Number of protein chains: 2
Amino acid sequence: MMNEHKLNELKKRLTGVYDLRNAGAVLYWDQTTYMPPGGAEGRGRQQALLAQLAHERFIDPANGRLLDELQADADLLPHDHDDAAYLRVARREYERAIKVPPQFIAELSSHQNESYVAWEHARPENDFGRVRPMLQKTLDLSRRYAEHFAPFAHVADPLIDEADYGMTAAVIRPLFAELRARLAPMVDRVTARPPADDACLRQHYPDAQQWQFNLDIARQIGYDFERGRLDKTAHPFTTSFGAGDIRITTRVAEDDLAYALFSTIHEAGHAMYEQGIDPAFDASPLGQGTSAGVHESQSRLWENVVGRSLDFWEHFFPKAQAIFPAQLSGVSLETFHWAVNRVQRSLIRTEADELTYNLHVMIRFDLELDMLEGKLAIEDLPDAWNARYKSDLGIEPPNNRNGCMQDVHWYAGFIGGSFQGYTLGNIMSGMFYEAALAAHPEIPAEMRAGRFDVLLGWLRNDIYRHGSKFTAAELVQRVTGREMTIEPYIRYLENKYREI
Amino acid sequence: MMNEHKLNELKKRLTGVYDLRNAGAVLYWDQTTYMPPGGAEGRGRQQALLAQLAHERFIDPANGRLLDELQADADLLPHDHDDAAYLRVARREYERAIKVPPQFIAELSSHQNESYVAWEHARPENDFGRVRPMLQKTLDLSRRYAEHFAPFAHVADPLIDEADYGMTAAVIRPLFAELRARLAPMVDRVTARPPADDACLRQHYPDAQQWQFNLDIARQIGYDFERGRLDKTAHPFTTSFGAGDIRITTRVAEDDLAYALFSTIHEAGHAMYEQGIDPAFDASPLGQGTSAGVHESQSRLWENVVGRSLDFWEHFFPKAQAIFPAQLSGVSLETFHWAVNRVQRSLIRTEADELTYNLHVMIRFDLELDMLEGKLAIEDLPDAWNARYKSDLGIEPPNNRNGCMQDVHWYAGFIGGSFQGYTLGNIMSGMFYEAALAAHPEIPAEMRAGRFDVLLGWLRNDIYRHGSKFTAAELVQRVTGREMTIEPYIRYLENKYREI
């Protein structure tokens, strides 16, 4: 039925595109882990060239013709056929790519690099004035980028769609409003009591032992070191060079055991998702996680739902005590568990606890929309940010460094579409985990015994192996039989913090 | 005078070619240092694609047209003008590249990969039968490769020329014959006495301390870690990703202090050459060492002439003793110095001492020519190899693993042009070092004080900064005022081994 010859021709062409992107990912990984300072200039040129070549090869009109010629065949295949999915996602990506002129991409990329460098210098100096003109241009470019995809209901929609396909401001706003309304009283209730004592985490934990502990945990939860590695970097991330090489990074703080630990588990969650994708999808449009939200659902499921659970630490705390006897021998499991779950109204998103984390994200999401709509001027951003922290979290940033300059996203990417994925991920992590527990009620007991293969096997089978074959919405429907809802996530949080 | 617009157009085009090659070098470095096993398949595809793209961009006829259009201008410039050199070397490389059809390159590259994998498995099993058909095809492909450059005096000449531009079998044969005639009696004389005791090197030397010692020595002799790094690999090499990032690798053997040490110094020699190239030549035809021979002259100058000298160890031996007191406190400087210079008739080229090393190389060079000429059949190679080891080195390999299967070169590259660079390098190292001493007689005293900047400064100024601007022959003439001669090298060896 399918024209195999043409399909193979298309696949061969796109494999080249993904091979170039993956080569670029190797260069980025090296840049952020091992590259000596002198390498920066040449590396910038090499990366820009690889990105340009990948883009040129992708938007080649021959790809468009092949997609057109194969469309009739694709329409005859069932929705969940691999080839139908391949052509569906390839077309979606192709049509997105050809809508933006290469000159615009070049201008955007050049500005983003410049803005990132400015932010890197300005943030430690708390110098919002220096990045303000950069941010103004980022806003202009974000709007202009979105315009290529007109018409749209909201100017943020094309930017949101790029990270979380199928999502719109109109869908997210009420979902987030509902979540905020449910979270606020929980935060009030929990923070009315003194925060948990986390002094046990804030002792001297030597790098070498932490490293071994991190490796052990990543391996035991199921991250495959035959197809990956763990290295150090300044801002931890996960990267894929293809199905057989998906790497994670972390950062060790010798005065905080939790810092590297949860960063490693978080990135291992991202990486186990990618490692679980059907290898037949390697170097193809289907060979990545399907959206920012689903990706985050996995990193945060492993980091929080698993990694901060009492079940998890029933197994691992004795191991931590064996590695760090001087620091932990006098600490109880309960103390340790609540230390890694300490709730407090704080300033920094990436260090926030599970309960307040989404409040941080939703502030950013709302401010993005306000800026894009023209309701909020860049010069008023610091005040607007601080006002929202005051109203939503009850604390006010003493400076912009720990306020509206804390996250890299707006300074190296777009204004718009950058943050919703984190909270969508949390919401989905609640849905997915509830479904996993329904299918396998033994998961908590397995965790207490240090076994994670039942959970990982379920996730692989129901979510990971599909890569980008299904959208986030389709995946949620397939896995849970429902549309996106915050209820399981709220139930999870209520259950967890009930004891406080 | 020069058409600046066209020259800049050409330079911009070729920068892209070198950026792609450098990106490929990053992928290779990662593959041999940190890549997990699962990465192999994707990495092979990524590298093949980058190599293909670099080649396609290089042989673009537009480059040929620009070279033609600029030739008249280039002819008016002095030979040593940077732009004249740029155009000269670019044309040479371009004309070499366009002579070989891309299909042939693909066939060659695919065979070389297959052959390398076969050798990797066959060598430990001493299975020459498995690689014999591979080697036969390599010989056929080597001859066919050379045919693209017909006419030539000897079929090996195009292969030699590619590594050591300007050299031919007719020049090298008498040079090597003369060297062999002078070395043979020296080897006889030195090996008539019992070999030096190297037991002091063959103790347990923990990896971590060796690593620090290697880093310290590389740094102190002048390898710049701001523009490079040292990592571990199975078969040590140096690689450049451009002027600002030139990396070295080594391998640590805990039962042999010398193993990593001299490998590190050797690679640091290669790398200091590349780090010393004029940064204006970055990512251009001039931005690499000018030939295999000149490169080897530097690696072996630093490894042997410097690194195995008594002057060097007068400074570093006390440091070695401080790091390894249990192993070295009872050892004298003299014992240590002769241990790292132990001469013996041995089987393995890469572990051979300075005196016998060239005998190993010249056997290979002669056998290469014999095979290319059709005088030696592949099936007779093991016997021919063993016969030459018997006659030249006085020992016979007990198996092919430590005989004709020991070096990767024929199994992953060409038969022809692979080995002459090592001995040409030794010969030039003698000439260059004699010239350095004539200009700066204080160099040995500086070394005894742990200072290497006078030597490095001279090498940078007279050799390194020029990159590929001058050929090996031009460089020798400029630096020494003479043509290539073995005399300084023989004098150096005679002086060194006089005491034995």
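Below or above, wherever it landed, is the structure these notes cover. (Residues numbered from 1 in each chain as written. Chains lettered and ligands numbered in written order. Predicted model: local features only at pLDDT ≥ 70, side-chain atom pairs only at ≥ 80, totals over all residues.)

1. Considering the environment of G222(A)
Applicable threshold: Each helix is a run of H or I in the DSSP string that is no shorter than four residues. Each strand is a run of E no shorter than two, and both are numbered from the N terminus.
Summarising the element assignment, G222(A) is placed in the loop between α9 (207-221) and β1 (230-232). On a C-alpha basis, the gap between G222(A) and P441(A) in space is 19 Å, while along the polypeptide they are 219 residues apart.

2. Quick look at the relation of the copies chain B and chain A
This is how the line gets drawn: Alignment of the copies relies on least squares applied to C-alpha atoms, considering only residues that score at least 70 for pLDDT in both. A pair of residues counts as a contact when their C-beta atoms, built from backbone coordinates, are within 7 Å of each other.
Mapping chain B onto chain A is achieved by rotating through 180° and translating by 0.0 Å along the same axis, at an RMSD of 0.0 Å. Expressed as a symmetry operation, the mapping of one chain copy onto the other fits a two-fold axis. When the interface residues of chain B are mapped onto chain A, 100% of them again lie at the interface, so the same face is used by both copies.

3. Topic: the interface of chain B and chain A
Opposite the 33 residues of chain B that make contact, chain A presents 33 residues. Put simply, the parts of the chain that give the side of chain B that touches chain A at least two residues each are α1 (4-33) and α2 (40-58) of chain B. No other element matches the 8 residues that α1(B) contributes to the side of chain B that touches chain A.

4. A look at the sheet that holds strand β3 (residues 246-250) of chain B
Residues and elements named next belong to chain B. The condition is simple: When DSSP locates at least two bridges between a pair of strands, those strands are taken to pair. Structural elements are reduced to axes, namely lines fitted to C-alpha atoms, with helices fitted over the stretch in contact, and the angle between N-to-C directions of any two is expressed from 0 to 180 degrees.
Spatially, β1-β3-β2 is the arrangement adopted by the 3 strands of the open sheet, whose pairing is mixed. Since the sheet does not close on itself, it has two edges, and those belong to β1 (230-232) and β2 (238-240), each with one partner. Taken over all neighbouring pairs, the strand axes of this sheet differ in orientation by 30° on average, direction set aside. The pairing of β1 with β3 spans 3 bridges and is classified as parallel. Each residue of the ladder has a partner; that of D231, found in β3, is T249. Across the face of the sheet, helix α10 (residues 257-275) comes into contact with β1, β2 and β3 while running at roughly 170° to β3.

5. Regarding the nonpolar core
To keep it simple, the criterion reads: Nonpolar cores are identified as sets of buried Ala, Val, Leu, Ile, Met, Phe, Trp, Tyr and Cys residues joined via C-beta atoms within 7 Å. To sort residues by burial, count the other C-beta atoms lying within 10 Å of each one's C-beta; a count of 20 or more means buried, 12 or fewer means exposed, and anything in between means partly exposed. C-beta atoms are built from the backbone.
Counting residues in each nonpolar core, the largest one holds 271 residues, and the members touching the most others are A268(A), F432(A), A268(B) and F432(B). Each residue touching F432(B), except ones within four places of it in the same chain, is listed here: S297(B), L301(B), I463(B) and V479(B).

6. Digging into helix α11 (residues 292-306) of chain A
An α-helix turns once every 3.6 residues. As a result, residues three or four positions apart point the same way. Our working definition: What a helix should span is 1.5 Å times the count of its residues minus one. Throughout, bend refers to the angle between the axes fitted to the seven residues that end at a position and the seven residues that start at it.
Between its first and last C-alpha, α11(A) extends 20 Å over 15 residues, near the 21 Å set by a 1.5 Å rise per residue. Taking the largest bend as the criterion, α11(A) deviates by roughly 35°, centred on R300(A).

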